[in-house]
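# Chain and residue survey
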Amino acid sequence: SLDKLVMFDSGKRLEYPRDVPPASNLLLEKFVDKLFPREADAEKDQANTLLKAGKVMEAVAAYDRAIALSPDSHTLHGNRAQALLQLQDWPRALEAADASIALVPRW
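Cut-offs used in this document
- Residues numbered from 1 in each chain as written.
- Predicted model: local features only at pLDDT ≥ 70, side-chain atom pairs only at ≥ 80, totals over all residues.
- Heavy atoms only, no water.
- Helix = DSSP H or I, 4+ residues; strand = E, 2+ residues; numbered from the N terminus.
- Buried < 20%, exposed > 50% of the residue type's maximum accessible area, 1.4 Å probe, protein only.
- Contact = heavy atoms within 4.5 Å.
- Areas by Shrake-Rupley, 256 points an atom, 1.4 Å probe, with all protein chains shown as cover.
- Polar contact = N/O pair within 3.5 Å; in protein donor to acceptor, adjacent residues only side chain to side chain.
- Core = buried A, V, L, I, M, F, W, Y, C linked by side-chain atoms within 4.5 Å.
- Expected span 1.5 Å × (residues − 1).
- Arc of directions from axis to C-beta.
- pLDDT = per-residue confidence, 0-100.

## A look at the overall build of the chain
On a plain count of helices and strands, the chain comes out with five helices and two strands. Ordered by position in the sequence, the α and β elements of the chain form the string β-β-α-α-α-α-α. Within the chain, buried positions represent 30% of all 107 residues. Looking at the chain alone, contacts between residues at least 24 apart form 33% of all its contacts between residues at least 6 apart. By element, 57% of the accessible surface of the chain is carried by carbon and sulfur atoms, the whole surface being about 7,400 Å².

## Things to note about unusual backbone geometry
Positive phi, normally seen in glycine, also occurs at glutamine 88, with a value near 60°. The topology assignment puts glutamine 88 in the loop between helix H4 (74–86) and helix H5 (90–103). On the accessibility criterion, glutamine 88 (56% relative accessible area) is exposed.

## Section: the side chain of arginine 80
For arginine 80, the position within the fold is in helix H4. At 2.5 Å, the side chain of arginine 80 and the side chain of aspartate 64 are in polar contact. For arginine 80, the contacting residues outside a window of four places in its chain are Val60, Tyr63, Asp64, Ile67, Arg92 and Ala96.

## Observations regarding the nonpolar core
Judged by nonpolar contacts, the single largest core of 16 residues is most densely connected at Leu51, Ala59, Tyr63, Leu76, Ala83 and Leu84. Mapped by element, the contributors of at least two residues to this core are helix H2 (38–52), helix H3 (56–69), H4 and H5. Discounting chain neighbours no more than four positions away, the residues touching tyrosine 63 are Lys44, Ala47, Asn48, Leu51, Leu76, Asn79, Arg80 and Ala83.

## Remarks on H2
Since the α-helix advances by 3.6 residues per turn, residues separated by three or four positions end up pointing in the same direction. Compared with an ideal rise of 1.5 Å per residue, which puts 15 residues at 21 Å, H2 spans 21 Å between its outermost C-alpha atoms and is within 8% of the ideal. Among the residues of H2, Ala40, Glu43, Ala47, Leu50 and Leu51 are the ones counted as buried. An end-on view of H2 places all buried positions within 100° of arc, on one side of the element. Turned more than 90 degrees away from the buried face of H2, the exposed residues are Thr49 and Lys52. Its buried side turned inward, H2 meets H3 and H4.

## Focus on the confidence of the model for the chain
Averaged over the chain, the pLDDT score is 79; the fraction of residues at 70 or greater is 64%. Note on residues 5–9: pLDDT is under 50 here. Beyond four places in sequence and across chains, it has 15 contacts.

Here it is in structure tokens:
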């Protein structure tokens, strides 16, 4: 977990949350969540567990939730593509794979 975030503002060291004024905490928390998408990771972990248990449709739904939280994750799109391949849902698998490749073309 992220207990303390150290930032530098015009050369002044600020430690979140102690030195950051409450009005700016919400904006900073959104920024931190963008960098460290905890909820998306939880959904990804759940999706991976479901996929290993053979619950492929439920896994796809969990990947969808994770992608909604972290749409720039090529890994999530790639994992979703793999799950859709297992369902033999070729068009959606190709769409998910293309989304992953668009995010990281060298992947």
